[in-house]
Amino acid sequence: MSRTLRTAAAFMAAVLVIALAAVFPLDMTSRAEAAGTAPAVLIDKGTKKITKTYTISSDVVIPKGAVLYVKNGGKLYIKSGAELTLNGTLKIAAGGSVFVQGALNCGEGSLISATGKMKILKAGTVSLGGTMKVNKGGNICGLGTLEVLNNFSDISCKGTVTAKIKAPAPIKTDGVTTVGGVIIVNREFDLPKDYGDGLDESTYNAYLKMKNASGYNMSIVSGFRSYEKQKATFAYWESIDGFERADRYSAQPGHSEHQTGLAMDISSLKQSYGETEEGKWLAANCWKYGFLLRYPKNSEYITGYIYEPWHVRYLGVSTAKLVHDSGLSLEEFLGVYNS
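Residues numbered from 1 in each chain as written. Predicted model: local features only at pLDDT ≥ 70, side-chain atom pairs only at ≥ 80, totals over all residues. Heavy atoms only, no water.

### Some words on the nonpolar core
Put simply, the rule reads: Definition of nonpolar core: a set of buried residues of the types Ala, Val, Leu, Ile, Met, Phe, Trp, Tyr and Cys, connected through side-chain atoms within 4.5 Å. Whether a residue is buried, partly exposed or exposed follows from its accessible area with a 1.4 Å probe, protein chains only, as a fraction of its type maximum: under 20%, in between, or over 50%, in that order. Residue contacts are counted whenever heavy atoms from the two residues lie within 4.5 Å of one another.
Leu90, Leu104 and Met118 are the most contacted members of the largest nonpolar core, which has 51 residues in total. Each residue touching Met118, except ones within four places of it in the same chain, is listed here: Leu90, Ile92, Val98, Val100, Leu104, Ile112, Val126, Asn139, Ile140 and Cys141. Formed by 16 residues, the second largest nonpolar core is a distinct cluster that contains Tyr273, Leu282, Tyr289 and Trp310.

### Focus: the packing of aromatic side chains
Note the cut-off: Note on aromatic contacts: the rings of Phe and Tyr and the six-membered ring of Trp form a pair at centre separations within 6.5 Å, being stacked when their planes are under 30 degrees apart, edge-to-face when over 60 apart, and tilted otherwise. Numbering of helices and strands runs from the N terminus; a helix is a DSSP stretch of H or I covering at least four residues, while a strand is a stretch of E covering at least two.
Inspection of every chain in the model, using the stated rule, returns 10 aromatic pairs. Relative to Tyr207, the ring of Tyr204 lies with its centre 5.9 Å away and its plane at 35°, an arrangement referred to as tilted. Of the two residues, Tyr204 and Tyr207 are both situated in helix α3 (residues 201-214); the distance of three residues between them amounts to about one turn of the helix. Under the relative-accessibility criterion, Tyr204 is labelled partly exposed at 36%. Summarising the aromatic geometry, the rings of Tyr301 and Tyr337 are spaced 6.3 Å apart at their centres and angled 80° between planes, so their arrangement reads as edge-to-face. Here Tyr337 lies in the segment after α9 (330-334) and Tyr301 lies in helix α7 (residues 300-303), a separation of 36 residues in the sequence. Tyr301 gets classed as exposed once you look at its relative accessible area, which sits at 60%.

### Regarding the sheet that holds strand β19 (residues 164-166)
Convention followed: What makes two strands pair is DSSP finding at least two bridges between them.
If you walk across this open sheet you meet the seven strands as β1-β4-β7-β10-β13-β16-β19, and the pairing is parallel. The strands lining the two open edges of the sheet, one partner per strand, are β1 (40-41) and β19. For strand β10 (residues 103-106) and strand β13 (residues 125-128), the ladder comprises four bridges, and the chain directions are parallel. Along β13, the bridge assignment pairs Leu104 with Val126.

### Brief notes about unusual backbone geometry
In this model, Asp174 sits at a positive phi of 55°, which is unusual for a non-glycine residue. If you trace the backbone, Asp174 turns up in the loop between β20 (171-173) and β21 (176-179). By relative accessible area, which is 73% here, Asp174 ends up exposed. The phi angle at Asn298 is positive, at roughly 60°, despite the residue not being glycine.

### Let's talk about the layout of surface pockets
Which entries qualify depends on this criterion: Here a cavity means grid points, on a 1 Å grid over the protein atoms only, where a 1.4 Å probe fits yet cannot get out; a pocket means an open set of points with protein on both sides within 12 Å along at least five of seven lines; lining residues are those with an atom within 4 Å of a point. Grid points are joined across faces, edges and corners, and a volume is the space filled by probe spheres set on the points. All residues other than Ala, Val, Leu, Ile, Met, Phe, Trp, Tyr, Cys, Pro, Asp, Glu, Lys and Arg, Gly among them, are scored as polar; the first ten of these are nonpolar and the last four charged.
Considered as a void within the structure, the largest pocket measures approximately 440 Å³ in volume. Contributing elements (two or more residues each) for the lining of the largest pocket: β23 (220-222), α4 (227-241) and β26 (308-314). Considered class by class, the residues forming the lining of the largest pocket number nine nonpolar, nine polar and five charged. By volume, the second largest pocket is sized at about 310 Å³. What lines the second largest pocket is a set of 17 residues, and nearest its centre among them are Leu292, Leu293, Pro296, Gly327 and Leu328. Mapped onto the lining of the second largest pocket, the elements with two or more residues apiece are β25 (291-295) and α8 (317-326). Considered class by class, the residues forming the lining of the second largest pocket number 11 nonpolar, five polar and one charged.

Dropping the structure here:
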């Protein structure tokens, strides 16, 4: 074949490839993978408003400074196999909906503000490396997973979160174990002997607010207890009931939440307190003030201690609501319960 014919054939082949590409285009993910490029930018700056149905079926990015706004009536679908990387802001208005079947990865500095609904479907995941505001009326639901990468304080919850929350791994610093910024103390995780110097101020202020709202006397029977005080307390109950029985309701030194300064016993040390009007009010409402009824009924095999309707632990209002909405014990919520 002459050089002229070879050149003409090559030209025709190139034209054919371009024509086929125009008729049968590759999807965005395939083009990006084939070219070795980064995912496409959905919106490079300003605000993109979604008022109808919008589907993300390939990997895209919302960069820092950009806003994706799902308005009333708008529906955003992140399809299975697709990944939305959020470095900017995702706003969901009342009446707006986001459905996550693929992955929503939220980077540092990102923000999700939800007054509407985000449903994380069974195979879907939302990885939270930024902050999330679940505003009043907002709802984060579904059978998928909301993974908290840093701290639970990154979530401000005034709405409802019922999606499964995956906690970060425990971190031990100077002998104190935290999970997502929450101190965990139980039979497995202990505190140093010199930890703690009194009842935490925020805890005490939250208690006063709760007491005033309740209309009950709600006195503090026991607040902060040092390591040495707990050692003496456990020894006292052991002398009365023996080690095995005392160990079911009294923590050994270093393993008591009272040493954190974040826990207190309210009004009584009898299980019958849970059947009084005050005890019922405490169980039903303490989460509104940042507290958790730490040792609920039928959970000894999880928490390690018998039912204590008097023992509350301060977590902060938003985190306490997350735990309350989950219906789980603290061990289960933090992912440190091993059956």
